[in-house]
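Summary of structural features
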Amino acid sequence: LLEEAGVELQSEPLTHVFTSNDRMKNNKHYITIFMMGKLYPNAQPKNLEPEKCKGWVFRSWDELRLSKDPLFPPLKALVQPPTPPWKETSPSQGSTCVAGDSVRLGIA
């Protein structure tokens, strides 16, 4: 995150959210692991790799789920359920729950 977006995570452990296993049209195989962590207060991503990423945007869960825009297949798999996977994670399991439905995305 620091190299790509100029932000650091707090030292709390990361929480696994979702893993996808996708074969792409170009005959490539992607295993994508989505993790969740907490940013420091007031942290804002910057586009530090403009040659690889057009920018950063916030989208609600429903905006992503219902979007007609093409999504990277692992992201499309992540947003298929009507409820974000992290909302189903119980604090009693030692995981961190978030209060909100925003997802921060890099637009390639």
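This report concerns the structure included in the present document.

Cut-offs used in this document
Residues numbered from 1 in each chain as written. Predicted model: local features only at pLDDT ≥ 70, side-chain atom pairs only at ≥ 80, totals over all residues. Heavy atoms only, no water. Phe/Tyr/Trp six-rings, centres within 6.5 Å; stacked < 30°, edge-to-face > 60°. Helix = DSSP H or I, 4+ residues; strand = E, 2+ residues; numbered from the N terminus. Buried < 20%, exposed > 50% of the residue type's maximum accessible area, 1.4 Å probe, protein only.

A word on the packing of aromatic side chains
For the structure shown, the criterion picks out two aromatic pairs. Centre to centre, the rings of Phe18 and Phe34 are 6.1 Å apart; their planes meet at 45°, and the pair counts as tilted. Separated by 16 residues along the polypeptide, Phe18 in strand 1 (residues 15-23) and Phe34 in strand 2 (residues 29-36) bring together distant segments of the chain. For Phe18, a relative accessible area of 22% puts it in the partly exposed group. Their ring planes at 90° and their centres at 5.6 Å tell us that Tyr30 and Phe72 sit as a pair that is edge-to-face. Residue Tyr30 is located in strand 2, and its partner Phe72 is located in the loop between helix 2 (61-66) and helix 3 (73-78); the two are separated by 42 residues in the primary sequence. On the basis of relative accessibility, which here comes to 43%, the residue Phe72 falls in the partly exposed class.

Don't take any of this as a statement about function, it's just geometry.
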